Amino acid sequence: MRISIVTITYNAARNLQRTLDSVSQQSYRLLEHLIIDGVSKDGTLSMAQHYKETADYEVVVKSEPDKGLYDAMNKGLQKATGDYIVFLNAGDTLHDADTLKNVVTAAGKQTSALPAVIYGDTAITDSEGHFLHLRAHRPPEALSWRSFKQGMLVCHQAFYVRTDIAKQFLYNLQFRHSADVDWCIRVMKEAARQGLPLVNTHKVLANFEEGGNTTQHHRSSLNERFRVMTIHYGLLQTIGLHAWFVIRALYRRLYKKDTR
């Protein structure tokens, strides 16, 4: 079983090496690493080329203008040749040396069809890669496309998709910050249509650097996520869910004040 890892870069020399190291240290070696660059002007490309020359697995480096993050991710998706694909961007890392091995082991335990999705938990790190805490949204024991009504419960970097299914769905470029949420839901809907399992590894699979694209554009991201949820779950249900989110947030804030 071959894993495709896609890394999108643009002037990422500050934190790319940590990502490359986490891939090169994997105990499972049947993989390809696609680095899709948006014509970086710092040391990103030289770093990527050196990595390509020294790796004992296939590394593809492609640098050309793009229309943004999700356009670049579509390019990586279309080039992937592995059985499963995962997106791991500059600064993000595989959690430990056995991460890919754990994913493959989880897939191999299924006696029927290969799972459509293999997923796990995510650790949040600082800008130097040091562990801060586990992600607030935790993966459910049994994931389905309806699970994301409660938010993106599985981080994109811990969401491994069968490549033949993934290639059916390009990222929607109408969304600048939340196309990954929409894409994951569409993939899981297709899994349900085909009756394919979504498998929980019960492992931490990814380290995600705090302060990513969604965090930096919080308000725009929230507006987009509302649109995504409306598309998949309907307007009335989305309004009801968001009302509950507001009430829950206010309750937690009040509870913290009372316990100080």
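Described below are features of the structure shown in this document.

Criteria and cut-off values
- Residues numbered from 1 in each chain as written.
- Predicted model: local features only at pLDDT ≥ 70, side-chain atom pairs only at ≥ 80, totals over all residues.
- Heavy atoms only, no water.
- Helix = DSSP H or I, 4+ residues; strand = E, 2+ residues; numbered from the N terminus.
- Buried < 20%, exposed > 50% of the residue type's maximum accessible area, 1.4 Å probe, protein only.
- Contact = heavy atoms within 4.5 Å.
- Areas by Shrake-Rupley, 256 points an atom, 1.4 Å probe, with all protein chains shown as cover.
- Pairing = 2+ DSSP bridges.
- Right-handed = clockwise from strand over helix to strand, strands pointing away.
- Core = buried A, V, L, I, M, F, W, Y, C linked by side-chain atoms within 4.5 Å.
- Salt bridge = Lys/Arg side-chain N within 4 Å of Asp/Glu carboxyl O.
- Polar contact = N/O pair within 3.5 Å; in protein donor to acceptor, adjacent residues only side chain to side chain.
- Patch = residues over 30% accessible without salt bridge, like charges linked within 9 Å, V, L, I, M, F, W, Y side chains within 5 Å.

**Brief notes about the overall build of the chain**
Scanning the chain from N- to C-terminus turns up 9 helices and 9 strands. Here the chain holds 260 residues, and 50% of them are scored as buried. The long-range fraction of contacts in the chain, counting pairs at least 24 apart against all pairs at least 6 apart in sequence, stands at 77%. When the accessible surface of the chain is summed, it comes to about 12700 Å², and 53% of that surface belongs to carbon and sulfur atoms.

**Structural notes on the pairing of strand S3 (residues 58–63)**
Sheet topology note: the strand S2 (residues 31–37)/S3 ladder contains 6 bridges and is parallel. Bridge pairing links Ile 36 to Lys 62 in S3. A crossover connection joins S2 to the parallel S3 through helix H2 (residues 44–54); in handedness this β-α-β unit is right-handed.

**What about the nonpolar core?**
Formed by 72 residues in total, the largest nonpolar core has its most connected members in Ile 3, Phe 148, Phe 159, Tyr 160 and Trp 183. At 8 residues, the largest contribution of residues to this core is made by helix H6 (residues 179–194). Once residues lying within four places of it in the same chain are set aside, the contact partners of Tyr 160 are Ile 3, Tyr 84, Ile 85, Val 86, Leu 94, Thr 99, Leu 100, Val 103, Ala 116, Val 117, Ile 118 and Leu 205.

**What to know about the pattern of salt bridges**
Evaluation of the coordinates by the stated rule reveals 11 salt bridges. Here Arg 29 and Asp 56 are joined by a salt bridge, their closest N and O atoms 2.6 Å apart. In this pair, Arg 29 is assigned in the loop between helix H1 (16–24) and S2 and Asp 56 in the loop between H2 and S3, connecting sequence segments 27 residues apart. Across the pair Asp 121 and Arg 138 runs a salt bridge whose closest N-O atoms are separated by 2.4 Å. Here Arg 138 lies in the loop between strand S7 (131–134) and strand S8 (159–162) and Asp 121 lies in strand S6 (residues 117–125), a separation of 17 residues in the sequence.

**So, the environment of Pro 115**
Looking at where Pro 115 falls in the secondary structure, it is placed in the loop between helix H4 (99–108) and S6. By relative accessible area, which is 0% here, Pro 115 ends up buried. Separated by 82 residues in the primary sequence, Pro 115 and Pro 197 place their C-alpha atoms 4.9 Å from one another. Setting aside its immediate chain neighbours within four residues, Pro 115 contacts Tyr 84, Ala 107, Gln 110, Arg 162, Pro 197 and Val 199.

**Section: the side chain of Thr 9**
Within the fold, Thr 9 resides in strand S1 (residues 3–9). Its relative accessible area of 3% is what places Thr 9 among the buried residues. Side-chain polar atoms of Thr 9 contact the side chain of Asp 37, separated by 2.7 Å. Ignoring anything within four residues of it in the chain, the contact list for Thr 9 reads Leu 16, Ile 35, Ile 36, Asp 37, Gly 38, Ser 40, Thr 44 and Ala 90.

**A look at H4**
Here H4 lies mainly inside the structure; 7 of its 10 residues are buried. Every buried residue of H4 is listed here: Thr 99, Leu 100, Asn 102, Val 103, Val 104, Ala 106 and Ala 107.

**Things to note about a nonpolar patch on the surface**
There is a patch of nonpolar side chains on the surface, built from Leu 235, Leu 236 and Ile 239 and spanning about 320 Å² of accessible area. Of note, Leu 235 is situated in helix H9 (residues 235–258).

**A closer look at helix H3 (residues 69–79)**
Burial analysis of H3 places 8 of its 11 residues in the buried class, which makes it a mostly covered element. Inspection of H3 places Tyr 70, Asp 71, Ala 72, Met 73, Asn 74, Lys 75, Gly 76 and Leu 77 among the buried residues, and these make up the whole buried set. Looking at the buried side of H3, the elements it contacts are S1, S2, strand S4 (84–87), helix H5 (163–166) and H6.

**Here's the deal with the pairing of S2**
Of all 7 residues that make up S2, 7 are buried, and the element is covered over most of its length. Here S2 shows two buried faces, one formed by Leu 31, His 33, Ile 35 and Asp 37 and the other by Glu 32, Leu 34 and Ile 36. Judged from the 7 bridges that link them, S1 and S2 form a sheet pairing that is parallel. In the strand pairing of S2, Thr 9 is matched with Asp 37.

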